[in-house]
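Understanding the architecture of this molecule
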Amino acid sequence: MNISQHPNPQFEREAFVLLNGEWKFDYTKAVRSGKTLSKDSGEAVAAREALKNGYRYTINVPFCIQSCLSGIGETGFIATAVYKKTVNIAKNGRRVFLNIGAADYLTTVLVNGKPCARHRGGYTPIRAEITDFVTDGDNEIFIYCEDNEKSPYICRGKQSEKLKSHGCDYTRTTGIWQSVYLEYTPASYIKNFRIYPDINDGSVTVISELSGSGRLEIEAFYDGKKVGSSATGNASGYCILKLMLDDVQLWEAGNGRLYDLKLSFGKDEVKSYFGMRSVELKGMKFLINGKSVFQRLVLDQGFYKKGIYTAENDEELLNDIKISKALGFNGARLHQKVFDPRFLYFCDREGYLVWGEYPNWGLDYSNPRSVDIFLSEWKEALERDFNHPSIIGWCPFNETWDYKGRKQYDPLLATVYDFTKSLDITRPCIDTSGNFHVKTDIFDLHDYRYKTDEFKKSYDRFISGGELYQHVLNDNPGRQVYGGQPVFMSEYGGIKWETDKQHKAWGYGNDVTTGEEFFERYRGLTEALLGNEKFFGFCYTQLYDIEQEQNGLYSYERKEKFPKDIYERIKAVNTGKAAIE
């Protein structure tokens, strides 16, 4: 594949203009009140007052204000972030769209002083047609973001709700943190599409959402060679086209054999790609292309020392996949964050298995009101990432422990599960990773016990018919019931190994003092799972340190923490044969 630097390689038009780089910028700090933000909030008033005297700063978009790459590095509580840029636009009879990959949290867009978009959510794209708001020549774009990590109705993920980072929460991200770009289209254009590969009959079906009418054509290419006849049809509104492939190459773990896809609709043309693969649960096994594949995963939280939520470049994105594969992992849980589309492209290209999650921490999941808030944000994540072959499952929630003493609202989890399955029947869904399951395709577990004999005996009892996860349920009776689903250890380990003396190190297993002790614990825990015929996968916590959480296999800078022979032995353990395979 030959993908350009487009912010979203799965939906690429040639007529785009990247607006990253310097923007005029200002912000307000505030002591958090915990109230829900609104357009007339005190923070909004403060922002308007601050701007009367002009912008005090320039910021390097798309890096958040807290990061050093932004040029500012302000890590306190940020109430509002305001951006302005003068952009030259040449309409030439075309439609004009403004795209923001992600901005945290409540975002308002004005073009030439007129409001044209308002978006809630810190992790999903903002797309606004601005055709009627712009003229040929210079135009002023104004983006205004409000944030409040302490609101019970904001999904913050691993962003610290306290002033400083603590435990497994880290530096916050406020405002724009993914690419901003313009896009030009003709009057009739392709709005969206879903790709459904079928490895059984060697076909790919594309369901397109269209604006206007015209003739739609799809073409597929492999290694630059056209494979199969073009599928064509007159269309408006939506169109379903099926393309038979002459050459079927399967996408699989370790081999991201991607096809290029071209969609033409009148004068509009969009480039994309897809992978031929299937996902299926059968008994206790997780099947990819009909074969049992043990998931040897590692937890990846998508934090970067210089950019916080945003990688400095493609090399930094790709490196995390490379260092993971170097240790024998075949994928990752992309944890408490919706990752950048370019990272997902590299996962697709490298044949790297990943789970799509949403950063639910911070949301009051004990409150029925959260159903509407969560569904609207989760829907945007599902729609954006549906076509990625590397995503093999969805997990909207993580560890729904009691929220300030109140139990989770079970209908929230059940509704989100049903909603997810209604939008995507091709992938399994875990309702809440770890606990407490309500309605799920997979019964996954988090277990940070570090005594290897105790850990192994607990799950050996499960093989012989014993209860699952009993050590947690003893303290939380009646919270969940195992229903015979496939089982996945989606968090374990977390062995602390301090490398950053600037932060007081935090981790799960605190008594390891030598590299040999570290390895022996890693080996004992991991081989207990590999050798258990009822587990289809594991996910070790975690790939790299993040600030004070120093239980990574690498440092925050992605440097090795142990002698090379330790890493070689870890890889040997990870690649050992699994009983379920």
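Thresholds applied
- Residues numbered from 1 in each chain as written.
- Predicted model: local features only at pLDDT ≥ 70, side-chain atom pairs only at ≥ 80, totals over all residues.
- Heavy atoms only, no water.
- Phe/Tyr/Trp six-rings, centres within 6.5 Å; stacked < 30°, edge-to-face > 60°.
- Helix = DSSP H or I, 4+ residues; strand = E, 2+ residues; numbered from the N terminus.
- Buried < 20%, exposed > 50% of the residue type's maximum accessible area, 1.4 Å probe, protein only.
- Lys NZ or Arg CZ within 6 Å of the ring centre and 35° of its normal.
- Disulfide = S-S within 2.5 Å.
- 1 Å grid on protein atoms, 1.4 Å probe; cavity = no way out; pocket = protein on both sides within 12 Å on 5 of 7 lines; lining within 4 Å.
- Points joined across faces, edges and corners; volume = space filled by probe spheres on them.
- Nonpolar A, V, L, I, M, F, W, Y, C, P; charged D, E, K, R; others polar.
- Pairing = 2+ DSSP bridges.
- Axes fitted to C-alpha atoms, helices over the stretch in contact; angles between N-to-C directions.

1. A word on the packing of aromatic side chains
- Applying the stated rule across the entire model yields 47 aromatic pairs.
- A ring pair is formed by Tyr459 and Phe535, whose centres lie 5.4 Å apart and whose planes are at 90 degrees; its orientation type is edge-to-face. Linking Tyr459 in helix α6 (residues 452-463) with Phe535 in strand β30 (residues 535-541), this pair joins segments that are 76 residues apart in sequence. Accessibility classification places Tyr459 together with Phe535 in one group, the buried group.
- Ring-pair connections join several aromatic residues into one group, and the members of that group are Phe294, Phe443, Phe455, Tyr459, Phe462, Tyr482, Tyr492, Tyr522, Phe535, Phe538 and Tyr540.
- It is Arg94 that lies over the ring of Tyr184; its NZ or CZ is 4.0 Å from the centre.

2. Re the state of the cysteines
- One pass over the full model with this rule turns up zero disulfides.
- Not part of a disulfide, Cys395 finds its nearest cysteine sulfur in Cys429, a span of 7.2 Å.
- Judged by relative accessible area, which is 2%, Cys395 ranks as buried.

3. Quick word on the layout of surface pockets
- Reported here for the largest pocket is a volume of approximately 1,200 Å³.
- Along the wall of the largest pocket there are 46 residues; nearest its centre are Asn8, Pro125, Tyr181, Pro341 and Arg384.
- Listing elements by their share of the lining of the largest pocket, those giving two or more residues are β5 (95-100), β9 (126-129), β12 (180-185), β13 (189-198), α2 (314-326), α3 (341-350) and α4 (370-385).
- In terms of residues, the lining of the largest pocket owes the most to one element, β13, which gives four residues.
- In the lining of the largest pocket, the residues fall into 21 nonpolar, 12 polar and 13 charged.
- Reported here for the second largest pocket is a volume of approximately 400 Å³.
- Along the wall of the second largest pocket there are 15 residues; nearest its centre are Arg156, Trp361, Gly362, Tyr365 and Tyr403.
- The residue makeup of the lining of the second largest pocket, split by class, is six nonpolar, two polar and seven charged.

4. What to know about the sheet that holds β9
- The antiparallel open sheet is built from four strands, whose spatial order is β1-β12-β5-β9. Of all the strands in the sheet, the pair left with one neighbour each is β1 (16-18) and β9. Averaged over all pairs of adjacent strands, the angle between strand axes in this sheet comes to 20 degrees, irrespective of strand direction.
- Where β5 meets β12, six bridges bridge the pair, whose relative direction is antiparallel. The residue bridging Asn99 from the neighbouring strand is Tyr181, located in β12.

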